[in-house]
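Topology and contacts: notes
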Amino acid sequence: MLSRVKRHSFFFGISIVTLWVFLTFFELRRTALSCRTVASCLGLDIQHWQGYQYPLPTAAEPLETQRTFHDGTLQFRRQLATADPEVLVLLLNRDGTSWSRDFRSGQRGAYDFADLLVSTRLNLSTVSVAMLTSSAEEFDSFSKAMRDLPLARLTIYLRDDDDQGVSYEGRHNPAVQLTRRARLATLRNYLMLSALEDERHVLWLDADVAAISRDVVQTMLARSDSTPAAGIITARCEQHNMENYDKNAWKITPETPLGPVADGDREDAVRTLVDTRLFVPAVIQGSGDDAIMPLDSVGGAILYIRSGLVRQGLTFPPYNVVGTTWSQPGWIGVETEGLCYVARQFEGGGCYVLGGSHHVRHTDWG
Ligand SMILES: *[C@@H]1O[C@H](CO)[C@@H](O)[C@H](O)[C@H]1NC(C)=O
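Residues numbered from 1 in each chain as written. Predicted model: local features only at pLDDT ≥ 70, side-chain atom pairs only at ≥ 80, totals over all residues. Heavy atoms only, no water.

Right, let's get into the overall build of the chain. Within the chain, the regular secondary structure consists of ten helices and 17 strands. Within the chain, the fraction of its 366 residues that count as buried is 50%. Within the chain, contacts between residues separated by at least 24 positions form 77% of all contacts whose residues are at least 6 apart in sequence. About 18,200 Å² of surface is accessible on the chain, with carbon and sulfur atoms providing 56% of the total. (Helix = DSSP H or I, 4+ residues; strand = E, 2+ residues; numbered from the N terminus. Buried < 20%, exposed > 50% of the residue type's maximum accessible area, 1.4 Å probe, protein only. Contact = heavy atoms within 4.5 Å. Areas by Shrake-Rupley, 256 points an atom, 1.4 Å probe, with all protein chains shown as cover.)

Next comes the structure, spelled out in structure tokens:
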């Protein structure tokens, strides 16, 4: 009797170990870019740009410079002498945890972002990348991870984060949301206004985006060029168990108060908006891959902005901009949530989402 119990626990133990090995070393969904091949799963595949389809530039070594701005920010820059990028890719990184963790592949890092860039199938010689970080380690490791990519220009800013306390894990707590997003807006503005040069297109990518469906970026650029009104474009953001991860991308319904809201009615207005707004899956339902549908608010997971809008003065509002009066800020619309509200006053400032099957995938954690 005793030996039977022992035998059962032995097999139970073996099954647990087998299951752990299986889940650890094999990517069931074949979507995590850091685990596409067994070699990359095991960390043996360091040629992250192997799948790159464009010839590598043969020009002289890129030029590297480093300098400290008047405000203390450290700027690292690596660029080709012939650099004339069309697309500026922007991302914020607080520290190593910002890359988040993903199914099976554990902690992600700058190399996963390199993989993600290659997976866009863009000609990277037409791309510049700029990152703002508050971590000296990420400042170094990002520059290393990008070294193999034939980017037209890479710019990394290192800047102390004076914002204490909001951890990656605590970031969904509503009490800290407004402060956190106000802070994010100022960081986004700092990065976007510092890094933008002659690029025609700006593309924001969150550090915790793990995968991009095929030709999302190409489709965004094409739609922006073909539709003058579509200066801001996003795409559906999913997570392994969620069709819609991005709760900041939505369309309002006629129930939402469109005019002035009295002070006592502000909470009701927020509640009505939150209860009735349509999220992306509802907005794009039944649409094709070529379609774009209007939105009233966007998130930052993947966010295209036509550079002309930034040059007209479009930035991310660091306060609730909707319903602002002389005496107080408004009742909704901080950071990306207020971008469309502001942008609609600009020429070509319409917000849209790609229809059909286009999407990005957020990491499994967080
Ligand atoms: C990639 O972009 C570079 C820089 O604009 C250009 O010189 C090169 O011809 C492009 N390569 C391809 C294959 O389109």
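What follows is about the site of the ligand. Inspection of the region around the ligand gives Tyr-54, Asn-123, Ser-125 and Thr-126 as its neighbouring residues. A distance of 2.4 Å is found between an oxygen atom of the ligand and a side-chain nitrogen or oxygen belonging to Asn-123. Alone, the ligand offers 370 Å² of accessible surface; in the complex the protein occludes 38% of this. Along the lines of polarity and charge, the residues of the shell around the ligand split into one nonpolar, three polar and no charged. (Near = heavy atom within 4 Å. Polar contact = N/O pair within 3.5 Å; in protein donor to acceptor, adjacent residues only side chain to side chain. Nonpolar A, V, L, I, M, F, W, Y, C, P; charged D, E, K, R; others polar.)

Turning our attention to the sheet that holds strand 17 (residues 359-362). Here we have three strands laid out as an open sheet, ordered 9-17-11, and mixed in their pairing. Strands at the two margins of the open sheet, each flanked by one partner only, are strand 9 (209-212) and strand 11 (236-238). In this sheet, adjacent strand axes meet at a mean angle of 30 degrees when their direction is disregarded. As defined by bridge partners, strand 11 adjoins strand 17 across three bridges and the pair is classed as parallel. Among the inter-strand pairings, Cys-237 is bridged to a residue of strand 17, identified as Val-360. (Pairing = 2+ DSSP bridges. Axes fitted to C-alpha atoms, helices over the stretch in contact; angles between N-to-C directions.)

Counting 48 residues, the largest nonpolar core has Val-89, Phe-113, Val-129, Phe-142, Met-146, Leu-203 and Met-220 as the members making the most contacts within it. Broken down by element, the residue count for this core peaks at six residues, all from helix 3 (residues 110-119). Those residues in contact with Val-129 that sit more than four places away from it in its chain are Val-89, Leu-91, Phe-113, Leu-117, Phe-142, Leu-151, Arg-153, Leu-154 and Thr-155. If you look at the next biggest cluster of nonpolar residues, it comprises 37 residues, including Leu-196, Val-280, Ile-284 and Phe-316. (Core = buried A, V, L, I, M, F, W, Y, C linked by side-chain atoms within 4.5 Å.)

A word on helix 10 (residues 336-343). With respect to burial, helix 10 is a largely interior element, six of its eight residues being buried. Turning to helix 10, its buried residues number three or more, namely Thr-336, Glu-337, Gly-338, Leu-339, Cys-340 and Ala-343.

In a beta sheet, neighbouring strands are held together by backbone hydrogen bonds and run either parallel or antiparallel to one another. Pairing in this open sheet of ten strands is mixed, and the strands run 1-2-7-6-3-8-15-10-16-14 from one edge to the other. Of all strands in the sheet, those bounded by a partner on one side alone are strand 1 (63-68) and strand 14 (292-294). Across this sheet, the average inter-strand angle for adjacent strands is 20 degrees, counted without regard to direction. Judged from the six bridges that link them, strand 6 (residues 127-133) and strand 7 (residues 153-158) form a sheet pairing that is parallel. Note on strand 7: the bridge partner recorded for Leu-132 is Tyr-157.

Right, let's talk about the packing of helix 3 against helix 4 (residues 136-146) for a bit. Direction vectors running N to C along helix 3 and helix 4 enclose 35 degrees, while the axes themselves pass 8 Å from each other. In this structure, the crossing between helix 3 and helix 4 has a hand that is right-handed. Seen from helix 3, the contacting residues are Ala-110, Tyr-111, Phe-113, Ala-114 and Leu-117; seen from helix 4, they are Ser-141, Phe-142, Lys-144, Ala-145 and Met-146. Classifying every residue of the contact of helix 3 with helix 4 by side-chain character gives eight nonpolar, one polar and one charged. (Left-handed = near helix turned anticlockwise from the far one by under 90°.)

A word on a nonpolar patch on the surface. On the surface, a nonpolar cluster with roughly 320 Å² of combined accessible area is contributed by Phe-10, Phe-11 and Ile-14. Topologically, Phe-11 is positioned in helix 1 (residues 2-25). (Patch = residues over 30% accessible without salt bridge, like charges linked within 9 Å, V, L, I, M, F, W, Y side chains within 5 Å. Salt bridge = Lys/Arg side-chain N within 4 Å of Asp/Glu carboxyl O.)

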